[in-house]
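Spelled out from the first residue to the last, the chains are:
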Amino acid sequence: MSASIEIRKLNLDGFSPDELHDEAQRLRQFVYRDFLRLGISEEDARSISDPDNEEEALTQLDKIISPRYPDTVYAKLLSGEEVAGYTKVGPRLPGDEAPFGRRRRILASVRELGLATEAVPRGLHALAVREGLTHAALTRIYYDLVPANQQLVASVHERDSELQDAFTDLGANTKAPQGSIMLGSYAASYSRRALPPHRGRQNENE
């Protein structure tokens, strides 16, 4: 039986502005710790997400309250009564395909011509969770935040074996294109992983 994960969307309907500010700070902390988990230096991790930087927290708060694309979802992940992590899911746009080759960018641009952002594949833009909960978290995100007719596509760090395995277990492509992505002062290799459209929500314990 897998761990049970609950998703709580971060928005003004469910949280006050002060509460959302605190959530933005915690989101930055989880992202920071997640990069440390992958073995990168503290300096590089802080260049990506500095949990002690109030300006970064305020910028994150603005993104949560007013995302660039209205159908973008920021969410807190809960395991029981404890915070398990955070995620961001939104449109997978041509710029997200850039590290994986010119042809793929062109195909993505053609695919998206004339489509509203809610009609394009979902992108897993962030997932930072406690160790051991990645599979359960990705499963809930896939079935709860991705419409049944859309793919879920992510750029997955080469060292993130938990997330790589979770994508594989849920049916993602195994021959994944590789690309380099620069985040802050840190550059690393990432794989483009894609889950096919699902058929609706699975049982929590499957």
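See the structure above.
Presented here is an overview of the structure given in this document.

About the criteria used
- Residues numbered from 1 in each chain as written.
- Predicted model: local features only at pLDDT ≥ 70, side-chain atom pairs only at ≥ 80, totals over all residues.
- Heavy atoms only, no water.
- Pairing = 2+ DSSP bridges.
- Helix = DSSP H or I, 4+ residues; strand = E, 2+ residues; numbered from the N terminus.
- Axes fitted to C-alpha atoms, helices over the stretch in contact; angles between N-to-C directions.
- Phe/Tyr/Trp six-rings, centres within 6.5 Å; stacked < 30°, edge-to-face > 60°.
- Buried < 20%, exposed > 50% of the residue type's maximum accessible area, 1.4 Å probe, protein only.
- Polar contact = N/O pair within 3.5 Å; in protein donor to acceptor, adjacent residues only side chain to side chain.
- Contact = heavy atoms within 4.5 Å.
- Salt bridge = Lys/Arg side-chain N within 4 Å of Asp/Glu carboxyl O.
- Core = buried A, V, L, I, M, F, W, Y, C linked by side-chain atoms within 4.5 Å.

### With respect to the sheet that holds strand S4 (residues 122-129)
Here is step 1 of the chain: A sheet is described by the order of its strands in space; here 7 strands give the open sequence S1-S2-S3-S4-S5-S7-S6, paired in mixed fashion. Edge strands, defined here as strands with exactly one partner in the open sheet, are strand S1 (6-9) and strand S6 (178-183). Shown here is a sheet whose adjacent strand axes are inclined to one another by a mean of 35 degrees, direction ignored.
Here is step 2 of the chain: As paired elements, strand S3 (residues 82-91) and S4 share 7 bridges and run antiparallel to each other. Bridging from a neighbouring strand, Lys88 pairs with Ala126 of S4.

### Things to note about the packing of aromatic side chains
Here is step 1 of the chain: Tallied over the entire structure, the rule returns 3 aromatic pairs.
Here is step 2 of the chain: With a centroid separation of 5.5 Å and an interplanar angle of 65 degrees, the aromatic rings of Phe30 and Tyr86 are classed as edge-to-face. You can see Phe30 sitting in helix H1 (residues 17-37) and its partner Tyr86 sitting in strand S3, a full 56 residues away along the chain.
Here is step 3 of the chain: Residue classification places Phe30 among the buried positions, given a relative accessible area of 11%.
Here is step 4 of the chain: Between the aromatic rings of Phe35 and Tyr186, the centroid separation amounts to 6.4 Å while the plane-to-plane angle is 80 degrees, which identifies the pairing as edge-to-face. Of the two residues, Phe35 sits in helix H1 while Tyr186 sits in strand S7 (residues 186-195), which places them 151 residues apart along the sequence.

### Concerning the pairing of S3
Here is step 1 of the chain: Among the 10 residues of S3, 7 are classified as buried, and the element is accordingly described as predominantly covered.
Here is step 2 of the chain: Note that strand S2 (residues 73-79) and S3 share 7 bridges and pair antiparallel. Bridging across to S3, Val73 finds its partner in Val89.
Here is step 3 of the chain: Following S2, the chain reverses through 2 residues before pairing antiparallel with S3; Gly80 in that reversal takes a positive phi of roughly 65 degrees.

### Brief notes about the side chain of His198
Here is step 1 of the chain: Locating His198 in the fold gives a position in the segment after S7.
Here is step 2 of the chain: Note on His198: relative accessible area 8%, which makes it buried.
Here is step 3 of the chain: Here Tyr142 takes part through its backbone oxygen, which lies 3.1 Å from a polar atom of the side chain of His198.
Here is step 4 of the chain: Beyond its immediate sequence surroundings of up to four residues, His198 is in contact with Tyr142, Tyr143, Val146, Pro147 and Ala148.

### Considering the pattern of salt bridges
Here is step 1 of the chain: Taken as a whole and judged by the stated rule, the model has 13 salt bridges.
Here is step 2 of the chain: A salt bridge links Lys76 to Glu23; the shortest N-O distance between them is 2.8 Å. Remark: Glu23 occurs in helix H1 and Lys76 occurs in strand S2; sequence separation between them is 53 residues. Note on accessibility: Lys76 and Glu23 belong to one class, buried.
Here is step 3 of the chain: Sharing partners across several salt bridges, the network here consists of Glu42, Arg46, Asp50 and Asp52.

### Focus on the nonpolar core
Here is step 1 of the chain: With 28 residues, the main nonpolar core has Leu77, Leu124, Leu138, Ile141, Leu152 and Phe167 as its most contacted residues.
Here is step 2 of the chain: Looking at this core, the elements that each hand over two or more residues are S2, S3, S4, helix H6 (134-145), strand S5 (152-157) and helix H7 (161-169).
Here is step 3 of the chain: Top element by residues in this core is H6. It accounts for 7 residues.
Here is step 4 of the chain: By size, the runner-up hydrophobic cluster in this structure holds 23 residues, among which are Leu10, Leu20, Val31 and Leu61.

### Remarks on the environment of Asp34
Here is step 1 of the chain: One can find Asp34 in helix H1.
Here is step 2 of the chain: Expressed as a C-alpha distance, the spacing of Asp34 and Ala128, which sit 94 residues apart in the sequence, is 5.8 Å.
Here is step 3 of the chain: Polar side-chain contacts of Asp34 include one of 2.9 Å to the side chain of Arg37.

### Thoughts on the environment of Tyr32
Here is step 1 of the chain: Examined against the element boundaries, Tyr32 turns out to sit in helix H1.
Here is step 2 of the chain: As for Tyr32 and Asp44, which are separated by 12 residues in sequence, their C-alpha atoms are 9.4 Å apart.

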